[in-house]
Amino acid sequence: MAAALLGGAALGPVFDLLLKSVIDVGIHILTFRSKFLSLKETLNCIKPVFDDIERLSKVLDGRDEEIDMFKKQLMKGEELVLKCSKIKRCDPLKRWSYSRKLTKLDYSLVKFCQIHGLIQVVRDTKQILVKVNENGKILEEIHSMVRNVSLTRSGSSIGFTNSSGSSGWMNGSSFGFSGLSDVPQVSDSMVGFEVPLHELKQKLKLLQEKDKVLVLSAPPGCGKTTLAAKLCQEDDIKATYSDNIFFVTVTKTPNIKRIVGEIFEKKGYRVPEFATEHDAICQLNNFLGRITPQPILLVLDDVWSESEFVIDHLKLQIPDFKILVTSRSVFPKFDTYKLNLLSEEDAKDLFCISAFKDGSPDVRLDLVHKVVRSCGGFPLALRVVGRSLCGKSEVTWFDRVMMQSKRQILFPTENDLLRSLQASIDALDEKALYSRETTTLRDCYLDLGSFPEDHRIHPATLLDMWVERYNLDEDGITAMAIFLELSSQNLVNLALARQDARVVLGLHNLHYIQQHDMLRELVIHQCDEKPVEERMRIYINIKGNDFPWWFEQRLQPLQAEVLSIVTDEDFSSNWDDVRFPKVEVLVLNFETRTYNLPPFIKQMSQLKTLVVTNNGFFPANLNNFQLCSLLNLKRINLERISVTSIFTANLQLPNLRKISLNMCEIGEAFENSAAKMPYMWPKLVEMNIEYCSDLTKVPTETCDLVDLKRLSICYCHELVALPEEVGRLTNLEVLRLHSCTKLAELPKSIVKLNKLKFLDVYDCVAMDNLPLEMDQLCSLQTLCMGSSLGIDELPDSLQKLVKLEDVVCDEETSYKWDSVKEHLKNLRITVMEEHVNLNLLHRS
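Please read all numbers here as calculations on a predicted model, not as lab measurements.

Draft legend 1. Summary view of the overall build of the chain. Within the chain one finds 27 helices and 26 strands. Within the chain, counting contacts between residues at least 6 apart in sequence, those at least 24 apart form 67% of the total. Accessible area for the chain stands at about 34,400 Å²; split by element, carbon and sulfur atoms hold 50% of it.

Now the structure itself:
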């Protein structure tokens, strides 16, 4: 049928024919169900690109040869789909063969659009723009579309090289898991929000073009962010704004350039340099006005009263542009919707859902009534307090009622909310960690205050803190249990890569942890109750160069074991000479392109964990690293840092056990200075590298780190090879190569790693074989593989891996393990669902 459409027919019918075939065959053929679902998602995502190609071809007249090229590609796909409909489930050889062909079709369609489709769209767009404006000043911004094409599948991502040779990339951890530019995920069932959601939606729809701004106002903990997110996920709102919904958290210390940069990033474009805030706004106005004719909704979450200027600056003069603001405050000059606290009935329903397993009270109703009233209708308090009482005896309920305020809350305030939450935080003291009887879950929770407001905390960062402070196991199993417990208490939100993942994946299944800003304020309030000289944790937020009073007075001695310092882009790095002799964990967050490590770090003789995070958009250079020759330092965690500065300083850390590099610039440093690593870090046992887009090869010298036990290189989409000498890492127990999409094969010497227990090659889409002598990996217990992995057959040697207990894979890969499982009776095959999430091919 498709062949009849070649020549003269529009591109749309051919595309629709392939999509219809995929849907029709996918409904009736179980054998390739997951592949057809994946292919359907891909086709739906790339359809806008085909629409653009056809639209631009009509504008420019002709282009028939190019249209036919696209048609032929689609026709090949339809032919394959029809062949798959005739494959019998009882024919495993053909089933595997055509399963791989479908995977390659899926991947080839994406690559075809990226290589041919986007180039044509960009070229044609440029020709149109040249006709309109001969000076061509805005062509470079349009060309940046090619640099930032992204494919995100199941929380992983695929990066591609731009014309200048550098890499454009996006990832699920940093840039969100939805196609709506980072709109927070919310539950489908929310109590008491039906009426507010309807009213807010109507107000937004009726908002006049001249007004542009609608404020959603309520006290903290009332569910403003949840309601705004739910609004963005409504079908009619998505139909109106499509992929032009931008959800940006402003926080108490707003930064216009950062907010604008996030919008560029969320749209899939490289963030440009901004000379001033005015320049940032001008570039944003031009950018949004040019890339889309559709309506735009910008959600500014958590805008404080003193930050009204942010709203004023972002009132862009482009058609069909609206701003939804969530705030604790009311801004009189803007239209406002006030979100009320929950009614007594809704409050009780929400509380019971959290406090009782089946939602029905199993304690005295008067106790339930008193606790509910003490929460004052705040959804946050009702969920947290309810969860903390879940499964407790009536005696505990009675004690909690006595702890809560005795007065009825008729006019709730922020202090009332804090009072309600306080008891739930204190209740964490009852839960001791297995590693230390004197350390409780509350101790771990208070450490979360070390990170900025609304910050996405990487789980490995907290693990680094807790391993040294509380003697937790380094494999992260206990840490994962802590995160799950805090989540069950509604005290944190977890971004899991897969909801159905086995426990064996541990922290590898967790993208980040996030804390409600009100709960963070409570944590900081608790830590600040004591005089600064007696605090175990000191959290410092410096705006500009405005240090806290006690910092400048150099109070001595300070007893803090955890020190966190947050600075903004206006900080000049002029540190006072304050001493922190007992600090074990130092957390530094900044926004500048160059950062001077504080000189007092050289006096921190007890420092064991150093966390340095650049919250800007570009890799930062660190100065004063030569001051950090600390004998006790065991863990370094760097984010968005140019690693060259470490090697330039010749940083010798004789007891360093772990280094983590996240979104760092490491290619040049590894290429030129890798030989120094065994000398600089002789006791290194763990190296984590994630989202480092300039890493193409792992240097051979890495294999001289003979004590290395855990090596994780994930989401590095330009990585093409591991060194053949990897077999020298004879102590290696964990090797993770998750979503290294250009890695074509494993080195043959990998089979020499006879201590290797965990191997992860999931989402390595270019890999089409495993080493034949896999049986030499005699200690292997867990193997993760699948999701577009193009392996036709598994080596027979896998049948001899007697210690292999867990294989984590997708549905098609699981069929290949049927014969292996016959020989390994204790083998568990966990099939991961295809959670497809494509942020693909952003239109110009």
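Draft legend 2. Geometry of the packing of aromatic side chains. In total, this model carries nine aromatic pairs according to the counting rule given. With a centroid separation of 4.8 Å and an interplanar angle of 80°, the aromatic rings of Tyr269 and Phe287 are classed as edge-to-face. Separated by 18 residues along the polypeptide, Tyr269 in the loop between helix H10 (256–266) and helix H11 (277–291) and Phe287 in helix H11 bring together distant segments of the chain. Each member of the pair, Tyr269 together with Phe287, is buried. With centroids separated by 5.8 Å and ring planes inclined at 85°, the aromatic side chains of Phe351 and Trp397 adopt a geometry described as edge-to-face. Of the two residues, Phe351 is situated in helix H13 (residues 344–355) and Trp397 in helix H16 (residues 394–403); the sequence distance between them amounts to 46 residues. One aromatic cluster in this structure is built from Phe264, Tyr269, Phe274 and Phe287. If you follow Arg258 out to its NZ or CZ, it ends over the ring of Phe617, 5.1 Å from the centre.

Draft legend 3. Focus on the sheet that holds strand E5 (residues 213–217). Ordered in space as E6-E7-E8-E5-E9, the five strands form an open sheet in which the pairing is parallel. Each edge of the open sheet carries a strand with a single partner, namely strand E6 (245–249) and strand E9 (335–338). In this sheet, adjacent strand axes meet at a mean angle of 20° when their direction is disregarded. Together, E6 and strand E7 (296–301) form the strand contacts of H10, whose direction differs from that of E6 by roughly 140°.

Draft legend 4. Expanded view of H11. With 15 residues, H11 should reach 21 Å at 1.5 Å per residue; the first-to-last C-alpha distance of 21 Å fits that figure. The set of residues buried in H11 consists of Ala280, Ile281, Leu284, Phe287, Leu288 and Ile291. Taken end-on, H11 shows its buried residues confined to a sector of 130°, consistent with a single buried face. Looking at the buried residues of H11, the elements they touch are E6, H10, E7, helix H12 (308–313) and strand E8 (321–327).

Draft legend 5. Summary view of the confidence of the model for the chain. Per-residue pLDDT for the chain has a mean of 78; in total, 75% of the residues score no lower than 70. Across residues 1–9, where pLDDT falls below 50, the model places 18 contacts with residues more than four positions away in sequence or in other chains. Segment residues 835–844: pLDDT under 50, and 55 contacts once partners within four positions in sequence are set aside and those in other chains are kept.

Draft legend 6. Summary view of helix H8 (residues 224–232). Of all nine residues making up H8, seven are buried, and the element is well covered by its neighbours. Those residues of H8 that sit buried are Lys224, Leu227, Ala228, Ala229, Lys230, Leu231 and Cys232. Close packing links the buried residues of H8 with helix H7 (194–206), E5, helix H9 (235–241), E6, E7 and E8.

Draft legend 7. Geometry of the pattern of salt bridges. For the structure on display, the rule yields 33 salt bridges. With a closest N to O distance of 3.7 Å, Glu262 and Arg258 form a salt bridge. With a gap of four residues between them, Glu262 and Arg258 both fall in helix H10, about one helical turn apart. Given the relative accessible area of 16%, Glu262 is considered buried. Using a relative accessible area of 23% as the deciding quantity, one classes Arg258 as partly exposed. Each member of the salt-bridge network shares a partner with another, and the members are Asp464, Glu468, Glu474, Arg635, Arg657, Lys658, Glu686 and Arg710.

Draft legend 8. Here's a closer look at the nonpolar core. Of all hydrophobic cores here, the largest spans 96 residues; its most connected members are Leu563, Trp681, Met687, Ile689, Ile713, Leu759 and Trp817. Non-local contacts of Leu759, meaning those with residues more than four positions away in its chain, are made with Leu735, Leu746, Ile750, Met774, Leu780, Thr782, Leu783 and Cys784. Counting residues in hydrophobic clusters, the runner-up holds 87 residues, among them Phe247, Tyr445, Tyr470 and Val523.

Draft legend 9. Structural context of the side chain of Ser217. Among the structural elements, Ser217 can be located in strand E5. Take Ser217: its relative accessible area is 5%, and that puts it in the buried class. A polar atom in the side chain of Ser217 sits 2.9 Å from the backbone oxygen of Ser329. Among all residues touching Ser217, those that are not within four sequence positions of it are Lys224, Ser327, Arg328, Ser329, Val330, Thr336, Tyr337, Lys338 and Leu339.

Draft legend 10. Structural context of the side chain of Thr567. Summarising the element assignment, Thr567 is placed in strand E13 (residues 562–567). The class of Thr567 is buried, set by a relative accessible area of 3%. Setting aside residues up to four positions removed in sequence, Thr567 forms contacts with Ile542, Asn589, Phe590, Glu591 and Tyr595.

Draft legend 11. Geometry of the pairing of strand E20 (residues 686–690). In terms of burial, E20 is largely enclosed, as five of its five residues are buried. The alternating pattern of E20 places Glu686, Asn688 and Glu690 and Met687 and Ile689 on opposite faces, both of which are buried. Relative to E20, strand E19 (residues 658–662) runs parallel, the two sharing five bridges. By the bridge assignment for E20, Ser660 is matched with Asn688.

Draft legend 12. Representation of the environment of Asn688 within the structure. Among the secondary structure elements, Asn688 is positioned in strand E20. Residue Asn688 is classed as buried on the basis of its relative accessible area, which comes to 12%. Sequence-wise, Asn688 and Ile713 are 25 residues apart; in three dimensions their C-alpha atoms are separated by 6.1 Å. With residues up to four places along the chain from it excluded, the contact list for Asn688 reads Lys658, Ile659, Ser660, Leu661 and Ser712. There is a polar contact of 3.3 Å between the side chain of Asn688 and the side chain of Glu686.

What counts, and where the lines are drawn
- Residues numbered from 1 in each chain as written.
- Predicted model: local features only at pLDDT ≥ 70, side-chain atom pairs only at ≥ 80, totals over all residues.
- Heavy atoms only, no water.
- Helix = DSSP H or I, 4+ residues; strand = E, 2+ residues; numbered from the N terminus.
- Contact = heavy atoms within 4.5 Å.
- Areas by Shrake-Rupley, 256 points an atom, 1.4 Å probe, with all protein chains shown as cover.
- Phe/Tyr/Trp six-rings, centres within 6.5 Å; stacked < 30°, edge-to-face > 60°.
- Buried < 20%, exposed > 50% of the residue type's maximum accessible area, 1.4 Å probe, protein only.
- Lys NZ or Arg CZ within 6 Å of the ring centre and 35° of its normal.
- Pairing = 2+ DSSP bridges.
- Axes fitted to C-alpha atoms, helices over the stretch in contact; angles between N-to-C directions.
- Expected span 1.5 Å × (residues − 1).
- Arc of directions from axis to C-beta.
- pLDDT = per-residue confidence, 0-100.
- Salt bridge = Lys/Arg side-chain N within 4 Å of Asp/Glu carboxyl O.
- Core = buried A, V, L, I, M, F, W, Y, C linked by side-chain atoms within 4.5 Å.
- Polar contact = N/O pair within 3.5 Å; in protein donor to acceptor, adjacent residues only side chain to side chain.

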